[in-house]
Amino acid sequence: MDKFGFGRSKNDANSDSNSVFGGGLANKLPFSHNRPFASSGPPKQMLVGNSPSNEYALANVASINQSDFEDGVYISINDTFVFTTRHSSSTPSGEIGLNGTQRAWGRLSFHQPIEVRKYDITDKLTKHPYISTLNVEISFKIKNKATTIQYDQDHLAKHFTKTFNAQILAPSQLLLMEFQGVIFEIRVQGIQSADIENIEISSPISTTIDTKSILVPQSVINFFKGDSLVNLKSSSVRPRSDAIIRPDFKFEDMGVGGLDKEFTQIFRRAFASRIFPPSIIEKLGISHVKGLLLFGPPGTGKTLIARRIGTMLNAKEPKIVNGPEILSKYVGSSEENIRNLFKDAEAEYKAKGEESSLHIIIFDELDSVFKQRGSRGDGTGVGDNVVNQLLAKMDGVDQLNNILVIGMTNRRDLIDNALLRPGRFEVQVEIQLPDEHGRFQIFEIQTSKMRGNKMLSSDVDLHELAALTKNFSGAEIEGLVKSASSFAINQKVNIGKGATKINNKDIANMRVTRQNFLDALNEVSPAFGVNEEDLKTCVEGGIFKFSHRIDDILKTGSRYVRQVRESDRTRLVSLVMHGPSGSGKTALAAAIALASKFPFVRLIAPEEMVGMSETAKIAYIDNTFRDSYKSPLNVLVVDSIETIVDWVPIGPRFSNNILQVLKVYLKRKPPKDRRLLIISTTSTYSVLQQMDLLSCFDNEIAVPNVTTFEELNNIMYDSGFLDDVSRGQILSQLKNISSKLNIGIKRALTNIETAKHDEDPVNEIVELMAESAGSSF
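In this report, the structure presented in the accompanying data block is examined. (Residues numbered from 1 in each chain as written. Predicted model: local features only at pLDDT ≥ 70, side-chain atom pairs only at ≥ 80, totals over all residues. Heavy atoms only, no water.)

## Looking at the overall build of the chain
- In terms of helices and strands, the chain carries 25 helices and 26 strands.
- When contacts within the chain are restricted to residue pairs at least 6 apart in sequence, those whose partners lie at least 24 apart make up 76%.
- As displayed, the chain has an accessible area near 37,100 Å², and 48% of this comes from carbon and sulfur atoms. (Helix = DSSP H or I, 4+ residues; strand = E, 2+ residues; numbered from the N terminus. Contact = heavy atoms within 4.5 Å. Areas by Shrake-Rupley, 256 points an atom, 1.4 Å probe, with all protein chains shown as cover.)

Below is the structure:
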C-alpha cells in the first residue's frame, strides 16, 4: 500500500463520508486536494468549444463554466472520453472547452452537441483503478520544429507525472505536453493498473479505451518513439524507446492461427533481447540475433508470418525481396543488389550505434539464390559471389547489430551451410502442418467475417471441420472456406437458358452451411499427407483372409504401427514383405498403412517413375523421404523395390546410384520428434540379398501363395462364387489333377472373375486354375 502512497491515515475513521470514494478513502489518495465526486447523474446536453488558453490546453483539462460543473471533478463525454474539469470565466455556460488534440481523440467538431455527465469511479475501486505502468508514444507536435536534443526519459517521466497528476487516462488518449520549451504530442498506448487493496499485484497491460485509471506519482512511465525525430536517451531501467515490439501488440491481431509454439520461439530468440535496455544487453556481453529462417512444407504460413511481422514490430518498413530478383545479367550487379539492401542500416548504425532502429530484410524463396557454393555448375560464379556477399554483410568484419534478415524456404537442405551457422540464420523455425487445435484457430480466423456478419449457418461446427481436415495446411483451409462459400453462392444463382437470375430475397437469407463445407471437402484435398487414391487402388478388391497366415501378417503389421506410435525409443522401423509375384504383398502393405491412420502415408511405386531419368528418380525418392520427416507420424510404402532400382534378370543389371540412395534412406533415422514406418515389398528375395539390401531392414515378413484347397475354397466363398455343391465339384476335380496347390491370390481372383462370366463356370475355373498353376498340379 505505501508503495503508491496509499497508507492508512489516522484520521481515516473521521473522514468525510460524502467524499468521492466514500468510507474515508479520500485521504489515501496522493492528490493535491480531494476531488468531490458525486454519483453519475443524468447527462447534460452541451456544445463543444475551444480551450480558452494554452494553459488549459497543455494541462489536458476541460474548461467549463462554474454554473455547469464543479471545479476539479471528472466528467465523461458521450460516456467514453473522461477529462478533469477546470473553471474558466471565458467558457460560456452550456459549452465545454477542449483543445484540438482532445477533440481529435474524441472525434469531436466545434459546436457539436454532446452528452456530458459526472464520471463516478467508485465502482472502479475493486477493478485496478490506479496506474502502475503507463506506456506512451511521444512525438513532436510540429514536425518542422523538431530538435536534435537528446531527452532524458526519467526527466520526461517526472514532468509528465507532475503535469497530469491525478488525471484519469485511457489507452488511445492524446495529450499535449510542453517540455523545455517544446510542445510534444503524447499518445497513451497501454495501461497496467493496480488495485488499491493489493497494490503489489498489477493487471496485464491493457490497450482498450474502456480501461481507465488514475495517474499517481508512483506510476512508472515508459516512453516510446512515436516518430524517428524524437531523440530519447536510453535508460538502464526502462525499455528501449524504440522497442521492437509495439506495447499495444497482441499475437491474436496478426491473424495467423496454429503457430503459438513457433511464435513463442521466434519471440524468445529473435526479439526478447531487443526489448531490454541496451545497457543490460551490454553487461551480458551478447549481440542480437541477425537471421531468422522459416522453413517447412508449402502453404503452412511462412510468407504470411514474415508479412505480418511488420505489423508486430515498431521498426523501419521491412524490405521484402523475392530471391530471384537479386540476380542480374550484368557483372557485379547481383552483389551490388545485396549491398544496397544493407546500405540504410549501415549508415544509421555508423551515426547512432546501438541507438539505431532495427532494419528488417525479408528474403522469400531463399533456396533459389543462396544455394550451396559450387553446386550450380554454370561457370560464371555469380551464385557463389551472391552467397559470399550476404555472408559478409550479415556477419563480416563490419558487424551490424541493427539488422534482422528473415529467410523463407521449402528446402533448407539446398541452402549453403555457412548461412545456417550462428551469427547468420542461427534461429531456424520449422513451420509445420497445423494440428487439430491449430486448424480450429485457422478456421476461426478464416470464418471471422462470416460469423461476425451472421453468414455462417448455426449447423457449422468448427471443431468438426478441424477434425475432418487432417493434413490441411493453412492455405488449403483458406481454399476450403472459399470453396464452401462458392457452393453457398451457387445455390442462390439460377442459371437458365436466358440471363443469369439472382433472387434478392435469397441473397438476404444466404448462409454457408455444414453441407457446403462437406461438399468443399470433396473438392479440396491436402497436397501433403495420405495419398489415399494410390493406396486404395492397391486394396480396391479388399483383403481376403483365406488363411490364418494373412491374419498373422496384419497383426504383425499392426504391432509395428503401435511400436512406431507409442515407443519412446523407436523412431524408425523398416520392414520388407517378400513372396511370390501376385501373392498380395502390395495390398497387405497398403492395408497396414491405411489402418495406421497416421497423418502422412505415401506410396513409392515404379508406376510413378515411368519415363524418368535416373537423376529424376533419385530426386523423386529424395523428396518423398524428406516429406515423410515433416509429420510426427509417417508410413512409407516402397513397392516392388527391385523394379525401382531398375533390376532386370538379363545381365543382371541395376542402377547402383538409386540403390545407394535407398540404402541410405532405409537406415536413416528421422528427426528426433518424428516417427517413420517403412514397408517395402519384393518378389525377388535373393536379388535383395545379393544387393545387400536385406541388412537395411529391421524385420522380414513372408507373404505366402494359396497352397491348400481349403484356402482356395475360402477365396471362392468370400468372392460369392457359386454354391457349396458347385465349389465342392471344383475342388474334387482339382484334387484329381494334383494333390498340391501353389497359386498367387491375384491370379486366383482373376480366374474366378473370368469364370463368373462363362456359361460353364465349374469347368472353366478348373481349366483356368490348372493353366495358371502349370507344373504345380
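## As for the packing of aromatic side chains
- On inspection of all chains with the given rule, the structure shows nine aromatic pairs.
- Both rings, one in Phe81 and one in Trp105, keep their centres 4.8 Å apart while their planes meet at 75°; by these two values the pair is edge-to-face. Of the two residues, Phe81 sits in strand β4 (residues 81–87) while Trp105 sits in helix α2 (residues 100–106), which places them 24 residues apart along the sequence.
- For Lys44, the ring lying beneath its charged end belongs to Phe69, and the centroid distance is 4.7 Å.
- Its end group placed over the ring of Tyr560, Arg559 keeps NZ or CZ at 5.4 Å from the ring centre. (Phe/Tyr/Trp six-rings, centres within 6.5 Å; stacked < 30°, edge-to-face > 60°. Lys NZ or Arg CZ within 6 Å of the ring centre and 35° of its normal.)

## Describing helix α7 (residues 333–352)
- Given a rise of 1.5 Å per residue, 20 residues ought to cover 28 Å, and the 29 Å separating the end C-alpha atoms of α7 matches this to within 8%.
- Taken as a whole, α7 carries its principal kink of about 40° at Phe342.
- Taken as a whole, α7 has its buried residues at Ser333, Ser334, Glu335, Ile338, Leu341, Phe342, Ala345, Glu348 and Tyr349. (Expected span 1.5 Å × (residues − 1). Bend = angle between axes of the 7 residues up to and from the residue. Buried < 20%, exposed > 50% of the residue type's maximum accessible area, 1.4 Å probe, protein only.)

## Some thoughts on the sheet that holds strand β6 (residues 113–118)
- Strand order in the closed barrel formed by six strands is β1-β5-β2-β4-β3-β6, and the pairing between neighbours is mixed. Going across the sheet, the axis of each strand differs from the next one's by a mean of 45°, ignoring polarity.
- Looking at chain direction, strand β1 (residues 44–50) and β6 are connected through four bridges and run antiparallel. From the neighbouring strand, Met46 faces β6, where its bridge partner is Ile114. (Pairing = 2+ DSSP bridges. Axes fitted to C-alpha atoms, helices over the stretch in contact; angles between N-to-C directions.)

## Regarding the environment of Glu365
- Mapped onto the elements, Glu365 comes out in the loop between β17 (359–364) and α8 (382–395).
- Classification of Glu365 by relative accessible area gives partly exposed; the value is 36%.
- In sequence terms Glu365 and Asn410 are 45 residues apart; their C-alpha atoms lie 7.6 Å from each other.
- Leaving out residues up to four positions away in the same chain, Glu365 has contacts with Gly323 and Met408.

## Remarks on the pattern of salt bridges
- Summed over all chains, the structure comprises 20 salt bridges.
- Where Glu426 meets Arg269, a salt bridge forms, and the shortest distance between an N and an O atom there is 3.4 Å. Placement of Glu426 in the loop between β18 (403–409) and β19 (427–430) and of Arg269 in helix α4 (residues 260–275) is noted, with a sequence separation of 157 residues between them.
- For Glu426, a relative accessible area of 26% translates into the label partly exposed.
- Arg269 sits in the partly exposed class, given a relative accessible area of 29%.
- In this structure, Asp622 engages Arg411 in a salt bridge whose closest nitrogen and oxygen atoms are separated by 3.8 Å. Residue Asp622 is located in helix α18 (residues 614–627), and its partner Arg411 is located in the loop between β18 and β19; the two are separated by 211 residues in the primary sequence. (Salt bridge = Lys/Arg side-chain N within 4 Å of Asp/Glu carboxyl O.)

## Quick word on the sheet that holds strand β25 (residues 675–682)
- If you walk across this open sheet you meet the five strands as β23-β24-β25-β22-β26, and the pairing is parallel. Edge positions in the sheet fall to β23 (600–604) and β26 (699–702), since each has one partner strand and no second. With direction set aside, neighbouring strand axes in the sheet form an average angle of 20°.
- Of the strand pairs in this sheet, strand β22 (residues 572–578) and β26 are connected by four bridges, and their pairing is parallel. Paired with His578 across the bridge in β26 is Ala702.
- Each of β22, β24 (633–638), β25 and β26 touches helix α16 (residues 548–566); the most contacted strand, β25, lies at about 155° to it.
- Packing of α18 onto the sheet brings it into contact with β23, β24 and β25, and relative to β23 it is tilted by some 165°.

Distances and angles like these do not, on their own, reveal function.
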